[in-house]
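The residues making up each chain are set out below.
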Amino acid sequence: MTAPYTLYGAPGGGSQIVEVALRLCDAETAYVDLAWEDDWAASPLARVNPLLQVPTLILPDGEVMTESAAILLRLAESYPHTNLAPPVDAPERARFLNVLVILV
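Note that this is a predicted model, so its numbers are computed, not measured.

1. Notes on the layout of surface pockets
Estimated volume of the largest pocket: approximately 150 Å³. Along the walls of the largest pocket sit Ile-17, Val-20, Ala-21, Leu-24, Leu-72, Ala-76, Leu-84, Ala-85, Phe-96, Val-99, Leu-100 and Leu-103, which together make up its complete lining. Classifying every residue of the lining of the largest pocket by side-chain character gives twelve nonpolar, no polar and no charged.

Structure follows, in C-alpha coordinates:
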(Lines give C-alpha, C1' and ligand atoms only; values in the text may rest on other atoms or scores of the structure.)
Protein backbone atom coordinates (compact mmCIF):
# COMPACT_ATOMS: atom_id res chain seq x y z
CA MET A 1 0.00 0.00 0.00
CA THR A 2 1.34 3.44 -0.87
CA ALA A 3 1.20 6.36 1.51
CA PRO A 4 -1.66 8.81 0.97
CA TYR A 5 0.83 11.68 0.49
CA THR A 6 4.14 11.80 -1.33
CA LEU A 7 6.46 14.73 -0.71
CA TYR A 8 9.33 15.49 -3.07
CA GLY A 9 11.91 17.74 -1.50
CA ALA A 10 15.53 18.77 -1.37
CA PRO A 11 17.62 20.16 1.48
CA GLY A 12 17.13 23.91 1.57
CA GLY A 13 14.38 23.73 -1.04
CA GLY A 14 11.52 24.86 1.20
CA SER A 15 10.15 21.41 1.88
CA GLN A 16 11.01 21.30 5.60
CA ILE A 17 8.04 23.40 6.66
CA VAL A 18 5.74 21.10 4.66
CA GLU A 19 7.38 18.03 6.18
CA VAL A 20 6.82 19.42 9.69
CA ALA A 21 3.17 20.18 8.89
CA LEU A 22 2.60 16.65 7.56
CA ARG A 23 4.07 15.24 10.76
CA LEU A 24 1.90 17.51 12.90
CA CYS A 25 -1.10 16.24 10.92
CA ASP A 26 0.10 12.68 11.53
CA ALA A 27 -0.43 12.15 7.80
CA GLU A 28 1.04 9.00 6.34
CA THR A 29 3.65 10.29 3.92
CA ALA A 30 6.29 8.87 1.60
CA TYR A 31 9.30 11.15 1.28
CA VAL A 32 11.40 11.42 -1.86
CA ASP A 33 14.64 13.22 -1.09
CA LEU A 34 16.32 14.81 -4.08
CA ALA A 35 19.97 15.83 -4.15
CA TRP A 36 20.75 19.18 -5.77
CA GLU A 37 23.61 17.64 -7.73
CA ASP A 38 21.38 15.00 -9.34
CA ASP A 39 19.74 15.39 -12.74
CA TRP A 40 16.16 16.06 -11.66
CA ALA A 41 14.95 15.78 -15.25
CA ALA A 42 15.75 12.07 -14.96
CA SER A 43 14.25 11.74 -11.46
CA PRO A 44 10.84 10.51 -10.33
CA LEU A 45 9.91 14.17 -9.75
CA ALA A 46 9.95 14.84 -13.51
CA ARG A 47 7.10 12.36 -14.02
CA VAL A 48 4.78 14.21 -11.62
CA ASN A 49 6.01 17.79 -11.99
CA PRO A 50 7.72 18.65 -15.28
CA LEU A 51 8.65 22.07 -13.82
CA LEU A 52 10.82 20.20 -11.27
CA GLN A 53 9.66 22.35 -8.33
CA VAL A 54 10.34 21.47 -4.72
CA PRO A 55 8.48 20.96 -2.63
CA THR A 56 5.98 19.00 -4.66
CA LEU A 57 3.23 17.21 -2.77
CA ILE A 58 1.09 14.48 -4.28
CA LEU A 59 -2.27 14.43 -2.53
CA PRO A 60 -4.23 11.25 -1.79
CA ASP A 61 -6.45 11.88 -4.85
CA GLY A 62 -3.35 12.18 -7.09
CA GLU A 63 -3.49 15.97 -7.44
CA VAL A 64 -0.09 17.63 -7.59
CA MET A 65 0.53 20.68 -5.39
CA THR A 66 3.49 23.04 -5.28
CA GLU A 67 4.25 26.22 -3.36
CA SER A 68 4.77 25.74 0.35
CA ALA A 69 2.16 28.29 1.45
CA ALA A 70 -0.53 26.70 -0.70
CA ILE A 71 0.36 23.25 0.59
CA LEU A 72 0.26 24.42 4.20
CA LEU A 73 -3.12 26.05 3.74
CA ARG A 74 -4.48 22.87 2.15
CA LEU A 75 -3.19 20.76 5.03
CA ALA A 76 -4.69 23.19 7.54
CA GLU A 77 -8.06 22.81 5.83
CA SER A 78 -7.77 19.03 5.63
CA TYR A 79 -6.68 18.64 9.26
CA PRO A 80 -8.49 21.43 11.16
CA HIS A 81 -8.01 19.66 14.50
CA THR A 82 -4.24 20.31 14.26
CA ASN A 83 -4.71 24.10 14.40
CA LEU A 84 -2.04 24.65 11.73
CA ALA A 85 -3.87 27.85 10.83
CA PRO A 86 -6.48 30.01 12.50
CA PRO A 87 -10.01 29.63 11.13
CA VAL A 88 -10.89 31.87 8.19
CA ASP A 89 -13.06 34.12 10.36
CA ALA A 90 -10.56 34.42 13.24
CA PRO A 91 -9.16 37.89 13.96
CA GLU A 92 -5.59 36.56 13.86
CA ARG A 93 -6.02 35.06 10.37
CA ALA A 94 -4.62 38.13 8.55
CA ARG A 95 -1.46 38.13 10.69
CA PHE A 96 -1.06 34.38 10.20
CA LEU A 97 -1.24 34.75 6.41
CA ASN A 98 1.34 37.53 6.52
CA VAL A 99 3.75 35.47 8.62
CA LEU A 100 3.16 32.38 6.48
CA VAL A 101 4.15 34.17 3.31
CA ILE A 102 7.23 35.63 5.00
CA LEU A 103 8.29 32.20 6.26
CA VAL A 104 8.01 30.47 2.94
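2. Examining unusual backbone geometry
Cis rather than trans, the peptide bond between Val-54 and Pro-55 has omega equal to 0 degrees. By secondary structure assignment, the location of Pro-55 is in the loop between α2 (44-48) and β3 (56-58). Of note, the phi angle at Asn-83 is positive, near 55 degrees, even though the residue is not glycine. As for its placement among the helices and strands, Asn-83 is situated in the loop between α3 (68-78) and α4 (93-103). The exposure class assigned to Asn-83 is exposed, which follows from its relative accessible area of 62%.

3. Overview of the pattern of salt bridges
Close approach of charged atoms lets side chains of opposite charge pair. For the structure shown, the criterion picks out two salt bridges. Here Arg-23 ties to Glu-19 by a salt bridge, and the two come within 2.9 Å at their closest N and O atoms. With Arg-23 and Glu-19 both in helix α1 (residues 16-24) and four residues apart, this pair spans about one turn of that helix. Judged by its relative accessible area of 56%, Arg-23 is exposed. Among the ionic pairs, Arg-74 bridges to Glu-63, the shortest N-O distance being 3.7 Å.

Calculation criteria
Residues numbered from 1 in each chain as written. Predicted model: local features only at pLDDT ≥ 70, side-chain atom pairs only at ≥ 80, totals over all residues. Heavy atoms only, no water. 1 Å grid on protein atoms, 1.4 Å probe; cavity = no way out; pocket = protein on both sides within 12 Å on 5 of 7 lines; lining within 4 Å. Points joined across faces, edges and corners; volume = space filled by probe spheres on them. Nonpolar A, V, L, I, M, F, W, Y, C, P; charged D, E, K, R; others polar. Helix = DSSP H or I, 4+ residues; strand = E, 2+ residues; numbered from the N terminus. Buried < 20%, exposed > 50% of the residue type's maximum accessible area, 1.4 Å probe, protein only. Salt bridge = Lys/Arg side-chain N within 4 Å of Asp/Glu carboxyl O.

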